[in-house]
Amino acid sequence: MNYILEGLVKAFQLLLRGDPETYSAIRVTVQVSTYSMLASLCLGLPLGFLLGYGTFPLKKMVRTLVDTLLSLPTVLIGLIVYAFVSYRGPLGEYGLLFTLPAIAIGQTILALPVVVALAATAVESLDQRLHTTLLTLGANPRQFLLSNLWEARFGLLAAGVAAYGRVLTEVGISMMVGGNIKWHTRTITTAVALETGKGQFGMGIALGLVLMAIALTVNLSLFFLRKRTRH
Amino acid sequence: MNYILEGLVKAFQLLLRGDPETYSAIRVTVQVSTYSMLASLCLGLPLGFLLGYGTFPLKKMVRTLVDTLLSLPTVLIGLIVYAFVSYRGPLGEYGLLFTLPAIAIGQTILALPVVVALAATAVESLDQRLHTTLLTLGANPRQFLLSNLWEARFGLLAAGVAAYGRVLTEVGISMMVGGNIKWHTRTITTAVALETGKGQFGMGIALGLVLMAIALTVNLSLFFLRKRTRH
Amino acid sequence: MTESIYALKGIRHCYGDLVALSIDDFAVAPGSIIGLVGPNGSGKSTLLRMLSFLEKPSQGEILFSGSSEESSTRSARLHVTLLDQEPYLLKRSVMENVAYGLKVRGMRQGYAIRVKEALSWVGLAPEEFARRQWYELSGGEAQRVALACRLVLHPRVLLLDEPTSSVDATSAALIKEASLRARQEWGTTLVIASHDWPWLHEVCDEVFHLFRGSIIGSGMGNVLFGPWTIRADGLAEKHLADGTAILVSAAPNEKSMAVIDPRSVSVHKAPAATEGRANTLAGTISALALQKHSGRVLVTATVDSIHFHAELSSTEVRARGVFPGEQAWVCFRPEDVRWI
Amino acid sequence: MTESIYALKGIRHCYGDLVALSIDDFAVAPGSIIGLVGPNGSGKSTLLRMLSFLEKPSQGEILFSGSSEESSTRSARLHVTLLDQEPYLLKRSVMENVAYGLKVRGMRQGYAIRVKEALSWVGLAPEEFARRQWYELSGGEAQRVALACRLVLHPRVLLLDEPTSSVDATSAALIKEASLRARQEWGTTLVIASHDWPWLHEVCDEVFHLFRGSIIGSGMGNVLFGPWTIRADGLAEKHLADGTAILVSAAPNEKSMAVIDPRSVSVHKAPAATEGRANTLAGTISALALQKHSGRVLVTATVDSIHFHAELSSTEVRARGVFPGEQAWVCFRPEDVRWI
Amino acid sequence: AENQVLKMATTTSTDNTGLLDYLAPRFKQDTGVELQWVSVGTGKALELGRNCDVDVLLVHAPAAEKKFVEEGHGVDRRQVMYNDFVVIGPRTDPAQVRGLAVADAMKKMARDKAIFVSRGDDSGTNKKEIGLWKKAGIEGIDKEAWYVQTGQGMMATINVAAERNGYTLTDRGTYITYENNQKGNPPLVILVEGDPGLFNQYSVIPINPAKCPDTKFDLAKKYSDWMASEPIQQFIGDFKLLDKQLFIPNAK
Ligand SMILES: Nc1ncnc2c1ncn2[C@@H]1O[C@H](COP(=O)(O)OP(=O)(O)OP(=O)(O)O)[C@@H](O)[C@H]1O
Ligand SMILES: Nc1ncnc2c1ncn2[C@@H]1O[C@H](COP(=O)(O)OP(=O)(O)OP(=O)(O)O)[C@@H](O)[C@H]1O
Ligand SMILES: [Mg+2]
Ligand SMILES: [Mg+2]
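Residues numbered from 1 in each chain as written. Chains lettered and ligands numbered in written order. Predicted model: local features only at pLDDT ≥ 70, side-chain atom pairs only at ≥ 80, totals over all residues. Heavy atoms only, no water.

A.B. asks: What's the story with the coordination of the magnesium ion (ligand 3) in this structure? I'm lost.
C.D. replies: Coordination angles at a metal have ideal targets, namely 109.5 degrees for four tetrahedral donors and 90 or 180 degrees for six octahedral donors. All names here are of chain C. Those donors, Ser45 (OG) and Gln85 (OE1), are the protein atoms that reach the magnesium ion (ligand 3), and they lie 1.8 to 2.1 Å from it. A residue pair is termed long-range when its members are at least 10 positions apart, and Ser45 in helix α1 (residues 44-51) and Gln85 in the loop between β6 (80-83) and α3 (94-104) qualify at 40 residues. For Ser45, a relative accessible area of 22% puts it in the partly exposed group. A residue is classified by how much of its surface remains accessible, and Gln85, at 14% relative accessible area, is buried. (Donors = N, O, S within 2.8 Å, 3.2 Å for Na, K, Ca; no water. Helix = DSSP H or I, 4+ residues; strand = E, 2+ residues; numbered from the N terminus. Buried < 20%, exposed > 50% of the residue type's maximum accessible area, 1.4 Å probe, protein only.)

A.B. asks: Could you clarify how one ought to interpret the site of ligand 2 in this entry?
C.D. replies: Near ligand 2, the surroundings consist of 21 residues, among which Arg132(C), Ser138(C), Gly140(C), Ser45(D) and Thr46(D) are the closest. Each of chains C and D places residues next to ligand 2. For ligand 2, an oxygen atom lies 2.8 Å from a polar atom in the backbone of Gly41(D). Side-chain polar atom of Thr46(D) to an oxygen atom of ligand 2: 2.4 Å apart, as the coordinates give it. In isolation ligand 2 offers 640 Å² of accessible surface; the protein chains occlude 90% of this area. Only α6 (139-151) of chain C together with β2 (18-28) and α1 (44-51) of chain D provide two or more residues apiece to the shell around ligand 2. Here the shell around ligand 2 is built from residues that sort into five nonpolar, 11 polar and five charged. (Near = heavy atom within 4 Å. Polar contact = N/O pair within 3.5 Å; in protein donor to acceptor, adjacent residues only side chain to side chain. Areas by Shrake-Rupley, 256 points an atom, 1.4 Å probe, with all protein chains shown as cover. Nonpolar A, V, L, I, M, F, W, Y, C, P; charged D, E, K, R; others polar.)

A.B. asks: So what exactly am I meant to see when it comes to the interface of chain A and chain B here?
C.D. replies: Interfaces are often described in size by the accessible area the parts lose on coming together. Across the contact, 63 residues belong to chain A and 64 residues belong to chain B. Buried area between chain A and chain B, both sides added, is near 5800 Å², and the carbon and sulfur share of it is 72%. Summed over the shared surface of chain A and chain B, the number is zero salt bridges. Seen at the junction of chain A and chain B, the total is two residue pairs in polar contact (both at pLDDT 80 or more). For the side of chain A that touches chain B, the secondary-structure elements that each account for two or more residues are α1 (2-16), α3 (59-69), α4 (74-85), α5 (100-124), α6 (128-136), α8 (153-169), α10 (188-197) and α11 (201-222) of chain A. Broken down by element, the residue count for the side of chain A that touches chain B peaks at 11 residues, all from α11(A). Residue composition of the side of chain A that touches chain B, grouped by class: 36 nonpolar, 16 polar and 11 charged. (Contact = heavy atoms within 4.5 Å. Buried area = accessible area lost by both parts, 1.4 Å probe. Salt bridge = Lys/Arg side-chain N within 4 Å of Asp/Glu carboxyl O.)

A.B. asks: I'm lost on the interface of chain E and chain A in this one. Help?
C.D. replies: Taken together, the contact pairs 24 residues of chain E with 19 residues of chain A. Note on chain E versus chain A: buried area summed over both sides is about 1800 Å², and carbon and sulfur give 49% of it. Joining chain E to chain A, the criterion identifies one salt bridge. Applying the counting rule to chain E against chain A returns 12 residue pairs in polar contact (both at pLDDT 80 or more). At the level of elements, α1 (12-16), β2 (34-40), α3 (42-50), α7 (154-164) and α8 (172-181) of chain E are the ones that each hand at least two residues to the side of chain E that touches chain A.

Here's what the structure looks like:
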């Protein structure tokens, strides 16, 4: 129990005193999660739309596959990305290992199935009459896609927020391909893992709370996008 | 790249040869994730319904809070549960530390925000006329809740599947409160983390693929629940 | 007389600034069939939602069977059922949709017979439709299924919001019969909103006219909108596009609305036959319809683009030779106008 | 004559086993206003969906402006627009809803004027409604906004699925005017499905009757359903509840359906006046309505529970003294029946 | 000028004790080279070396290291320092091993089925422990109920031992940290120490440039030399945690 109190106090201290290590980790976390969210939304929303609206053979199989990919463990993603970007791997020449882009690639793989699966569900639960209406008003395919996404915005917001939670809290990928290098690729979660490994449970909790503070900030900034009650 | 091939081969070997360590980890994983999914669905679906349908003061604030809890890092949950169930903690006397129920508690905390947030979104995106219809047909509150959940079934399925992915792949909680004790509380993800730490990347990938196989089995068994195309 | 099943007192319902409903005193007798008519946005649906206890009025009180609804919303809801303006079907088969209300009331067995009965009341062959899924229906079929969902409950109060809006003529007749049968067999009270005046008049005991949230009278009213030009002598005038002027008693303000009872309007073939000078408007007869209840004939005549309804006895109609397609004069006295 | 805007050839559309549409040959002339009537489930909406290229028929071909739609579905959709039976509004303000189609066509500026114009065509004051959100509307208001969304496009083809189903009488008249104006100003071709026969007859050049997916004729048909009893002399008979028997020509089978043109039906005050013995059915006149196009009068008479429509000239109506509420005889010859 | 960076893979013990945070600034100051390290399990560190993902290793698993060098992945392995392992257990010492020689202690614990918590993660410490069981002649304990394998880092393993009231083998550095975390009143105390069989040798191994042409062998060599240099050896000896020396320099 003491850890929790200690963690709370420390979290404030870290943030208020501007602890440089913590701020470096915050910067890394925010930066890398921004990259990966942008990439997974740009790729995932159109794919989710196709999966939710389109009709094609084996659609249900693809759906099951995407759902299964929701259970892709971060360590596995970490290992697979590592296998590609390691010096001996096919992308070794780009020197991506232990860099932020490498983490972002892994996190994009992590977030993509979440965005696709939940966006597909959101698009599917749209009123069928919306599709008819858009088509009869003359929307072209691009406009049709965008208008569908806009009408499904509250569901997509949930998809984005869920994916963000996944990205923000993952450790496996950041550890494996980021390397948890101080000042460079140490994210808050890898820092938590490190502190916990050292037995500094209070510090671990403190950093965990710092992560929650980031999440809270982001979610508060989405507050105004929230669906107005009951319509 | 070799790791991936090696992992694929090993995954088949592990499963076909009936490797006892792997099967022990599979059993633990399935058991504990079943507990935590049951608990989080039983608690989360009604709460999600309330959050999606109900009107109460500060509803949007609660919503933002739940969204923020989607970013609860597993290590933090692990630490907090640890603080409670450790020998020195308030629940120490029950001897829960390093047992499956302790992991299940942590995983329930992990899955709950996912279920609540996505169930709320699913309920919110139901047609308003459904509520009117159920009320005018005389549904009592319990029947109203159940019928709403049934109408939102495809959205709730997505919520469940997303939460399952989260539970199945988490490492932090299982490590911290389960202790990754061989033959007892070692889950597949903690085994992956261990093998990776040992530098046995191929083995790590193999176990990761075993986890995916479990997820695939579960998702295939949900296949028949899938929404029929386009209605 | 028996106690009213509904008594509304000082009801106001607002959406933001907009007063959607404002009814000071209104009562519904048990077993009556009440109609609601009025232009779009006049508050019919809002009133029906209040009567079905789906929403509470911003102000005022609705007594159901004499008791305030506060205490008994749930139990009242078991007796009162509403057919929404845009009916919605649960994502199940037609059979399960219609059975839902019965199951909810604890009838888990033997509902199939009642469901089939209800389906045939609305003109849907049970063997053909019971197994269909919710999306396998045409618009009118879906609407009739939704009505069957309500009829099957044998409710004490049945509130119908435009039950015939997309059904065919045969089904409209069936719905009329089903409504009358409901009253006869189960003593059901019905409140029906509709734009189909002739249909409504065939079904209802009394039809109330809603306008901007207020009940402005019963029967079939002619409504005249402003703007009015106030004349020197205090009377008000409305000028139509074709130059005709309609003269009415002093208007409260230039945007007020005038209502004229169809019984105060008469239709003549010759202007000579009209009483004095007041309003004698040249128009064309467009329809004659029998009113089942009164046995009288509702004559519709069009003056410029305004439809006037006049209620005449069939003797009068015949004597005056009023036929569709003919020129005729519509007459009423300025002082027969009511202002709202 | 100019080329048809639509030409349908050998169209079949099935939902599972159910043949929802089966039209061998049908053409629509440009600039015409075509009505579709028929009971619920007769395929009106299905036909309109095909005409708007939302769905492809299971079989057959639809030529639009002479070219097969395969090649040009997208461009055709810019000219053809459909008002759905259950209109749907985007989750935006009324202004943005109506402007959507214009924006989609690249008109990003100056659309406000056109939007306001379209709103006033459907009787919604722009200053009051343009800013409202989609959920701040009554049923009829929403339907009219949906119509405004289509009118604002000045389409070449406007397909309306029950445009007046929940609008008030004034708005129905406005919608009629808007339809006529569309044809006049932009040469729009209209196809309108509706259950409101009188309204439809006022608007349309020609009204087609659909039944079980087939076009069974134009004009206002009387439809008689089986079961038929085949008599020894080959004729078929239908017995009504009150004992009356309706006699028709040989029925293909006992469940066939007979159609009688209203022009083949006549209504008389005395049975003596009827020609010979065939069908002379006792009934009651329930309505007379003027048909604007022909100037003739549509008489509705009820025999048992069947409504018969007869088209008479106004001279005939007057000469025979046909009035609502009176007893009369409905006559037609067994051989005037067409079988489908 | 380009900022020179040396990438090193090392074991968690050097990082968790803070030694690297102590050394890195000095290295930068002396050579202008920035030291970046990833602290992972020994096995993983060696695997990263095999894949040329780092330039130099600082590890403590002599047998595995020799194999690594024999396979040609590393060159010029150089021993730089050692610390020692200790057996810790509950204050009450249920198996009565306090002060025994390590082999005797192991035998006694096995005989009494006293709970022993093993890292079970193939780390340097784990390898050492397995070696100790072997030396004590005890085998086949993998599935014994008293033999708990955590598959986790040292600190987590000590925690498990504390919760389970069991024994474990740890490096002294981690134990001191643990003691500190427990505010000087730890439930587990040192019971066996000082036995020569408990020494824990650390070595620096630059990656072989012949196998990994892009590694910064010159910098790795510079680091290796720097670690072995007299002032740095002195500097390492001065590193203290809670006033206790953790590493004993022994470069030759
Ligand atoms: N949720 C809402 N928010 C704001 N205004 C609303 C809302 N619902 C209805 N209104 C407005 O309240 C008034 C009454 O609406 P109501 O639905 O009761 O009309 P109605 O008589 O049923 O009309 P219709 O014949 O079109 O169905 C209308 O002016 C409408 O625009
Ligand atoms: N998705 C579907 N699946 C199966 N059957 C359908 C489907 N949609 C419509 N039908 C059936 O096809 C037939 C034609 O339907 P359609 O909607 O065209 O009728 P409609 O003439 O528009 O009727 P209404 O007047 O009720 O709107 C009906 O019998 C209906 O039950
Ligand atoms: Mg309404
Ligand atoms: Mg239809």
